[in-house]
Amino acid sequence: MNISTIAALALSLGLPAWSQQPVTKIVRENGQPALALDEVFVRELKQESSIHKADGAPLPPCPAGPHAEPWSHVFSPSAPELPMAADSNHAAVRETAAERNRRMKWWRDAKFGMFIHYGLYSGLAGEWKGKPGGSEWIQKNVEVDTDTYASEALPLFKPREGVTEEWAQLARDAGCRYVVLTSKHHEGFGLFDSAQTDYDAKSQIDRDIVREYAESCRKRGLKVGLYHSVIDWHHPSYDNTICPDLCYPAGQAEMLKKKNIPRDHAAYQKYLHAQVRELMASYAPIDIMWWDYSQGAMEGEKGWKAPELMEMARSINPGVIMNNRLYAYSGLNQNQAGTLDLRCGDYITPERFIPRHGYPGVDWETCMTVSDKWGYNRYDTNVKSPEVIIEKLVECVTKGGNLLLNVNPKADGTVPEKVAAAMRGVGQWLRLNAEAVYGTRAWTELDQPASINEQGDIFVFLIPPPDKGPAESPSEGTMKELTEGTEYARMQPLDATGYEDDEGVSVTLPAGYTKAVLLGDNAALPVADGKILFKAHEHSKSPCSVIKLSK
């Protein structure tokens, strides 16, 4: 297989470009250069190709112009504001809408990512000197300075050899297409090799966790993302007084005051930029930068020199996709408008909830946890079932967003088995229903939640009502509080009763559609008078049944 063939096939399937694959060597075929590709990537190509062959020819490019199909617009959304000029608080966006759509395509196609919160807090496991203290925010919760915190936490931080291989394999088993790892959380401890500090994994335990992670992901065809906290509870120059409401450990502030250490936020900004440059250049290509977070005056130019930071990241990797959290944004606020100035980032990040109607015309990604906490906490035993997670994934897909689902490794880096089992359960469902999720867009022209692919096949998702199927009530206390008095952020797709009884559920096919197949069972459903009658008890039990409609 020559280079051009590989590149074209990978692009048509929405896979990582050949230049981002592990390549063992360049060889010659009939006098032409060719790539000897990693076996995992070859299997990925074959697997994805077989999915599309089952539907017919490989996916064609999205048509344009007056003869475009009625669904074409959902695959090439307009962005009339592009390009956008810079101002004092924002960098310019120089790409056109078409260029942006090409850059964002793999992310929009991927739908499902795995978030990993891992750091010194993982070793503390939710306890501070024998008492419950929280998870990744434990330093703030117990209000201690960085020296006291590190003296307790560092001896407990013991990632075992090969653990990033386990993370990447779990992501693959769960059906995730990308992964985002905490390169540095608010505690300030880096999981990478930084020349800017010795408060990192390489200096303390001689491990470059980010490098190991990136290599493990790429071997499995997974896109590589990094969560990077712009807040820092370790660096002495970080000036929390710019925005007192942005949480900061009282003990750290007191220590700096006692030692007469002045705040010099410009020095911290240089440190922040130098570390981001290390990440972007030394671990390239970084596909996602997931910034966290900004509030009040601590945002944009004043907080982080965000325009320069974003320009630098793009100069090293023009394809990088960045969230919007270098600018003030409350991911927990359900009432916040779902709008986005594209100079602030590529997508918005609702946290622990799914927007009731999605955010039409805006790229968004809900981040949620498999258990209740982001970081590992031994008291955190409330693990969501695969059925609940599948509902949330389906809701994101059919409302036009992505789901980034968090796992929380323990001190040795291993993911709690119940959390891992829940992720694998989602993967089992996705293997049967992959074509309804990957490479699709939300389709809102039906009464039921649905997605559509570039060929025009429509996928209708039927989730059992809460009182009849395996779906569970929300397991996150914070979710319950956030949604109190409003529609709970889970699917309520069917008004009809009878999902599992003799009456069944009726689905009306759109005009021109004549075929209906139940995915998983691969069973054709009879169509009469433009409708199908689905009776769940006649088919294999599933957390969510998917019916494919085609012409």
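See above for the structure.
To keep things clear, this report deals only with the structure shown in the data block. (Residues numbered from 1 in each chain as written. Predicted model: local features only at pLDDT ≥ 70, side-chain atom pairs only at ≥ 80, totals over all residues. Heavy atoms only, no water.)

All right, on to the nonpolar core then. Within the largest apolar cluster, 112 residues are counted, with the highest numbers of intra-cluster contacts made by F112, M114, Y149, W167 and M423. Here the element with the most residues in this core is helix 15 (residues 417-437); it accounts for ten residues. In terms of nonpolar packing, the next biggest core, distinct from the first, is built from 21 residues, Y513, A516, L525 and I532 among them. (Core = buried A, V, L, I, M, F, W, Y, C linked by side-chain atoms within 4.5 Å. Buried < 20%, exposed > 50% of the residue type's maximum accessible area, 1.4 Å probe, protein only. Helix = DSSP H or I, 4+ residues; strand = E, 2+ residues; numbered from the N terminus.)

On to the side chain of H117. Relative to the elements of secondary structure, H117 occurs in the loop between strand 3 (112-116) and helix 4 (120-124). Other than its neighbours up to four places away in sequence, H117 contacts S122, E136, T182, H185, Y227, W374, G375, N406, V407, N408 and P409. (Contact = heavy atoms within 4.5 Å.)

On to unusual backbone geometry, then. Backbone phi values are negative for most residues with the exception of glycine, while trans is the configuration of most peptide bonds. Look at the link from L82 to P83: it is a cis peptide, with omega at -10°. Mapped onto the fold, P83 is located in the loop between helix 2 (39-55) and helix 3 (97-110). For the bond from D292 to Y293, the omega torsion is -20°, close enough to zero to count as cis. Within the secondary structure, Y293 sits in the loop between strand 8 (288-292) and helix 12 (300-304). Despite not being glycine, K129 shows a phi value in the positive range, around 50°. Positionally, K129 belongs in the loop between strand 4 (127-128) and strand 5 (131-132).

With that settled, the discussion passes to helix 9 (residues 209-219). Count 3.6 residues to each turn of an α-helix, and residues three or four apart come out pointing the same way. If you check which residues of helix 9 are buried, you get I209, V210, Y213, A214, S216, C217 and R218. Where helix 9 is buried, its residues touch helix 7 (163-174), strand 6 (178-184), helix 8 (201-205), strand 7 (223-229) and helix 11 (265-282). Within two residues after helix 9, G221 carries a phi angle of roughly 75°, on the positive side.

We now examine the sheet that holds strand 19 (residues 531-534). Pairing is antiparallel in the open sheet, where three strands are placed in the order 15-19-18. Two strands bound the open sheet, and with one partner strand each, they are strand 15 (505-508) and strand 18 (527-528). Across four bridges, strand 15 lies against strand 19 in antiparallel orientation. Note on strand 19: the bridge partner recorded for V507 is I532. (Pairing = 2+ DSSP bridges.)

As a further point, take the pairing of strand 11 (residues 402-407). Among the six residues that make up strand 11, six are buried, leaving the element largely enclosed by the rest of the structure. Both strand 3 and strand 11 contribute to a ladder of five bridges, which runs parallel. Across the sheet, F115 pairs through a bridge with N406, a residue of strand 11. Here strand 10 (residues 365-369) runs beside strand 11; their pairing, made up of five bridges, is parallel. Considered in strand 11, the bridge of E365 is made with N402. Crossover connection from strand 10 via helix 14 (residues 386-399) to parallel strand 11: handedness right-handed. (Right-handed = clockwise from strand over helix to strand, strands pointing away.)

Moving on: the sheet that holds strand 11. Reading across from one edge, 9-8-7-6-3-11-10 is the order of the seven strands in this open sheet, with parallel pairing throughout. Of all strands in the sheet, those bounded by a partner on one side alone are strand 9 (321-322) and strand 10. Of the strands in this sheet, strand 3, strand 10 and strand 11 touch helix 14, which is tilted by about 150° from strand 11. (Axes fitted to C-alpha atoms, helices over the stretch in contact; angles between N-to-C directions.)

Summed over all chains, the structure comprises 28 salt bridges. Close ionic contact of R94 with E311 constitutes a salt bridge, the shortest N to O distance being 3.1 Å. Of this pair, R94 sits in the loop between helix 2 and helix 3 while E311 sits in helix 13 (residues 306-316), and the two are 217 residues apart along the sequence. Its relative accessible area of 60% is what places R94 among the exposed residues. For K105, the salt bridge identified is with D109, shortest N-O distance 2.5 Å. Pair noted here: K105 and D109 are both in helix 3, with a separation of four residues, about one helical turn. Judged by its relative accessible area of 8%, D109 falls in the buried class. (Salt bridge = Lys/Arg side-chain N within 4 Å of Asp/Glu carboxyl O.)

Let us now look at the state of the cysteines. Evaluation of the coordinates by the stated rule reveals zero disulfides. With no disulfide of its own, C247 lies closest to C243 among cysteine sulfurs, the gap being 9.3 Å. (Disulfide = S-S within 2.5 Å.)

To continue, consider the packing of helix 14 against helix 15. At a minimum axis separation of 9 Å, helix 14 and helix 15 run at an interaxial angle of 35°. Handedness of the helix 14/helix 15 crossing: right-handed. Side by side, helix 14 and helix 15 meet where P386, I389, I390, L393, V394 and V397 of the first sit next to A422, G425, V426, W429, L430, A436 and V437 of the second. (Left-handed = near helix turned anticlockwise from the far one by under 90°.)

What follows deals with the packing of aromatic side chains. A complete count under the given rule lists 17 aromatic pairs for this structure. Ring plane angle 55° and centroid distance 6.0 Å describe the contact between F115 and Y227, whose orientation is recorded as tilted. One end of the pair, F115, is in strand 3; the other, Y227, is in strand 7, and 112 residues separate them in sequence. For F115, a relative accessible area of 1% corresponds to the buried category. (Phe/Tyr/Trp six-rings, centres within 6.5 Å; stacked < 30°, edge-to-face > 60°.)

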